[in-house]
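Examination of the molecular architecture
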Amino acid sequence: MNVVARLAARAPREEDFTSPLRAPAVSARIGVWLAVCFGVAFLTGLISHLAQATDPILGLPTRPVWGYRVTQGLHVASGTAAIPLLLVKLWTVFPRLFARPPAPSRALVLHALERISIAVLVGASFFLLATGTMNAAQWYPWEFSFRATHYAMAWVAIGALLIHIAVKLAVLREELRTPLEEPDRDRGSAQPLTRRGLVRTALLAAGVAVLTTAGSTVPALRKVSVFGVRSGKGPAGIPINKSARAADVVATALDPGYALVVVLPDGTERSFDRAALLALTQTTASLPIACVEGWSASGSWTGVRVRDLLAAAGQGPGRDLRIESLQQRGPFRSTLLPARFADDPLTLLALSLDGEALALDHGYPCRLIAPNRPGVLQTKWVARIEVL
Ligand SMILES: Nc1nc2c(c(=O)[nH]1)N[C@H]1C(S)=C(S)[C@@H](COP(=O)(O)O)O[C@H]1N2
Ligand SMILES: [Mo]
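Before going into details, it helps to say that this report is about the structure given with it. (Residues numbered from 1 in each chain as written. Chains lettered and ligands numbered in written order. Predicted model: local features only at pLDDT ≥ 70, side-chain atom pairs only at ≥ 80, totals over all residues. Heavy atoms only, no water.)

Relative orientation of the contacting elements helix H2 (residues 24-51) and helix H6 (residues 195-211) amounts to 20°, with a least axis distance of 10 Å. Viewed along their axes, H2 and H6 adopt a mutual orientation that is roughly parallel. Read as a crossing pair, H2 and H6 show a hand that is right-handed. Between H2 and H6, the residues in contact are Val 26, Ile 30 and Trp 33 and Arg 195, Leu 198, Val 199, Ala 202 and Leu 203, respectively. (Axes fitted to C-alpha atoms, helices over the stretch in contact; angles between N-to-C directions. Helix = DSSP H or I, 4+ residues; strand = E, 2+ residues; numbered from the N terminus. Parallel < 35°, antiparallel > 145°, perpendicular 65-115°, else oblique. Left-handed = near helix turned anticlockwise from the far one by under 90°. Contact = heavy atoms within 4.5 Å.)

Shown next, in the form of structure tokens:
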């Protein structure tokens with residue numbers, strides 16, 4: 001016998017796994033919940049990806065102001081809920097790994113194709129849930145671009161999921177109609193957990209996973225969200241992602257010679273020091289910072305409307321803007337502000353937060369804050385605004 005044949009003879013068989021909890025009726029029910037979580041995560045992920053598009057035509061509308069806060073909160077919550085569901089689902093179908101393939105025939109080809117689509121689905125799902133969780137925890141032990149890779153993998157996962165659902169649709173329908181408990185099940189069985197109990201436990205675990213993390217975005221859950229990252233810490237109760245020190249802007253932000261430069265399309269430059277910004281009409285807006293990582297917090301920001309600043313510099317509305325930070329390095333030092341955001345009455349260059357001068361870590365001397373815009377685009381320590 002060759003090595004492969006010997007190993008195959010020693011490997012367990014599908015029939016060797018005897019737990020009555022591993023029933024297709026259980027897999028089907030958990031699968032439905034899992035599909036709901038994946039569907040929500042996929043759609044909200046598309047919204048997030050669109051919101052960060054570099055083309056000003058794409059991207060989100062400016063209302064509702066809390067839109068991205070809700071969609072991104074849902075994105076992270078549905079991904080989090082999917083983790084225990086996926087683990088339980090995989091446990092219920094684990095013995096299928098040891099099913100012996102059919103003899104070479106058309107059936108074998110179909111079998112192989114189905115197995116490959118499942119391998120892709122499971123691999124992509126693990127990748128998405130793991131990298132998403134690590135991103136929410138701000139841990140990037142990889143070299144690739146998180147956003148591009150997570151996005152590409154989402155298409156792989158959703159494609160494999162649709163194939164999987166299509167292949168299993170008949171079985172799924174049938175199993176969802178099958179009662180969870182076996183009718184002849186001995187009431188006094190030694191098995192401590194019933195199938196219904198397993199499904200409930202999986203859903204409960206998903207609920208607990210969400211409740212213990214969602215406080216990062218739902219203030220009412222803060223006390224129970226023991227795993228919530230960045231909940232309510234930081235000046236004015238708004239967390240800090242990148243500190244002034246980490247961005248290496250402490251000296252330039254505190255420099256008494258600081259002035260914001262507005263560059264007009266003809267190349268002329270207008271400078272505004274902080275006193276000049278404070279002398280312009282001040283507007284207050286209550287707007288959230290909603291980070292892609294799923295945390296969010298609302299603040300009362302006061303400062304100059306971007307459109308008022310442009311008017312003071314002699315520039316009318318309708319133009320896309322490039323916003324640049326004092327920060328010299330890093331992907332978030334510069335962002336594009338499409339015209340619809342620039343012209344919006346709620347888009348501010350904030351000078352203060354909750355009635356106090358902006359903290360250095362929140363972007364002093366001034367930071368961008370716009371409605372329904374991902375946190376990653378709310379540029380801090382603004383140095384230069386270029387009219388495009
Ligand atoms: N210049 C600059 N602005 C930035 C960032 C940055 O790294 N550099 N981080 C962004 C991210 S990812 C978020 S979520 C918000 C957080 O703002 P806060 O630290 O004031 O809460 O700032 C954004 N603005
Ligand atoms: Mo962020």
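We now examine a nonpolar patch on the surface. Where nonpolar side chains cluster on the molecular surface, the patch consists of Val 109, Leu 110, Leu 113, Ile 116, Val 120 and Val 156 and spans about 510 Å² of accessible area. Counting residues per element, the nonpolar patch draws most heavily on helix H4 (residues 106-136), which supplies five residues. As for its placement among the helices and strands, Ile 116 is situated in helix H4. Residue Ile 116 is classed as exposed on the basis of its relative accessible area of 52%. (Patch = residues over 30% accessible without salt bridge, like charges linked within 9 Å, V, L, I, M, F, W, Y side chains within 5 Å. Areas by Shrake-Rupley, 256 points an atom, 1.4 Å probe, with all protein chains shown as cover. Salt bridge = Lys/Arg side-chain N within 4 Å of Asp/Glu carboxyl O. Buried < 20%, exposed > 50% of the residue type's maximum accessible area, 1.4 Å probe, protein only.)

Let's shift gears to the site of ligand 1. Around ligand 1, a shell composed of 19 residues is seen, among which Pro 239, Gln 327, His 362, Arg 367 and Lys 380 lie nearest. Between ligand 1 and the protein, one listed contact pairs a nitrogen atom with a side-chain N or O atom of Ser 325 at 3.2 Å. For ligand 1, a nitrogen atom lies 3.0 Å from a polar atom in the backbone of Gln 378. Here ligand 1 has 530 Å² of accessible area as a free molecule, and 98% of this is covered by the chains. (Near = heavy atom within 4 Å. Polar contact = N/O pair within 3.5 Å; in protein donor to acceptor, adjacent residues only side chain to side chain.)

The subject of this paragraph is the side chain of Arg 29. Tracing the backbone shows Arg 29 in helix H2. No salt bridge is formed by the buried Arg 29, whose closest oppositely charged neighbour, Glu 175, lies at an N-O distance of 5.9 Å. Within the structure, Arg 29 has its side chain in polar contact with the backbone oxygen of Ala 25 (distance 3.0 Å). Sequence-distant contacts of Arg 29, that is, excluding residues within four places in its chain, are made with Glu 175, Leu 176, Thr 178, Pro 179 and Leu 180. (Lys, Arg positive; Asp, Glu negative; His and termini not counted.)

Attention shifts here to the nonpolar core. Membership of the largest hydrophobic core comes to 31 residues, with the highest contact counts inside it found for Leu 309 and Leu 321. Every element with two or more residues in this core is listed here: strand S1 (260-263), helix H9 (306-312), strand S5 (321-325), helix H10 (339-342), strand S7 (348-353) and strand S10 (382-387). In terms of residue count, S10 provides more of this core than any other element does, four residues in total. Leu 321 has contacts with Val 306, Leu 310, Thr 335, Leu 336, Leu 337, Ala 342, Ile 385, Glu 386, Val 387 and Leu 388, leaving out every residue within four places of it along the chain. Ala 25, Leu 128, Ala 154 and Leu 161 belong to the second largest nonpolar core, which has 28 residues in total. (Core = buried A, V, L, I, M, F, W, Y, C linked by side-chain atoms within 4.5 Å.)

When the terminal C-alpha atoms of H4 are compared, their 45 Å separation across 31 residues agrees well with the 45 Å that a helix rising 1.5 Å per residue should span. Every buried residue of H4 is listed here: His 111, Glu 114, Ser 117, Leu 121, Ala 124, Ser 125, Leu 128, Leu 129, Thr 131, Met 134, Asn 135 and Ala 136. In this fold, the buried residues of H4 make contact with H2, helix H3 (67-93) and helix H5 (146-177). Measuring from the side-chain oxygen of the N-cap residue of H4 to the backbone nitrogen of Ala 107 gives 3.1 Å; that N-cap residue is Ser 105. With its phi angle positive at about 55°, Gln 138 sits one or two positions after the end of H4. (Expected span 1.5 Å × (residues − 1).)

Time to look at the sheet that holds strand S2 (residues 269-272). Sheet architecture is open: five strands sit in the order S2-S1-S10-S5-S6, paired in mixed fashion. On the outer flanks of this sheet lie S2 and strand S6 (334-337), each paired with one strand and no other. Each strand of the sheet is rotated relative to its neighbour by a mean of 20°, with strand direction disregarded. Relative to S2, S1 runs antiparallel, the two sharing four bridges. Opposite Val 262, over in S2, you have Arg 270 as the bridge partner. (Pairing = 2+ DSSP bridges.)

Our focus in this paragraph is the side chain of Thr 71. Take Thr 71: it is sitting in helix H3. Since its relative accessible area comes to 16%, Thr 71 is described here as buried. Beyond its immediate stretch of four places on either side in the chain, Thr 71 contacts Thr 44 and Ile 47.

Attention shifts here to the environment of Thr 92. Tracing the chain through its elements places Thr 92 in helix H3. In this structure Thr 92 comes out as buried when scored by relative accessible area, which is 5%. Along the sequence, Thr 92 and Val 218 sit 126 residues apart, while their C-alpha atoms lie 33 Å from each other. Apart from residues lying up to four places away in sequence, Thr 92 is in contact with Arg 22, Val 26, Ser 27 and Leu 198.

Attention now moves to the pattern of salt bridges. What the rule picks out here adds up to seven salt bridges. Between Glu 114 and Arg 115 there is a salt bridge, with its nearest N and O atoms 3.5 Å apart. Residue class for Glu 114 comes out buried when judged on its relative accessible area of 15%. With a shortest N-O distance of 3.2 Å, Lys 168 and Glu 114 are connected by a salt bridge. A residue pair is termed long-range when its members are at least 10 positions apart, and Lys 168 in helix H5 and Glu 114 in helix H4 qualify at 54 residues. Salt bridges here are not isolated pairs; linked through shared partners, they connect Glu 269, Glu 324, Arg 384 and Glu 386.

Let us look at unusual backbone geometry. Omega for the bond connecting Arg 63 with Pro 64 falls within 30 degrees of zero, at -10°, which places this linkage in the cis form. Positive phi outside glycine occurs at Asp 248, with the angle close to 60°. In this structure, Trp 381 is a non-glycine residue whose phi angle is positive, near 50°. If you trace the backbone, Trp 381 turns up in the loop between strand S9 (367-369) and S10.

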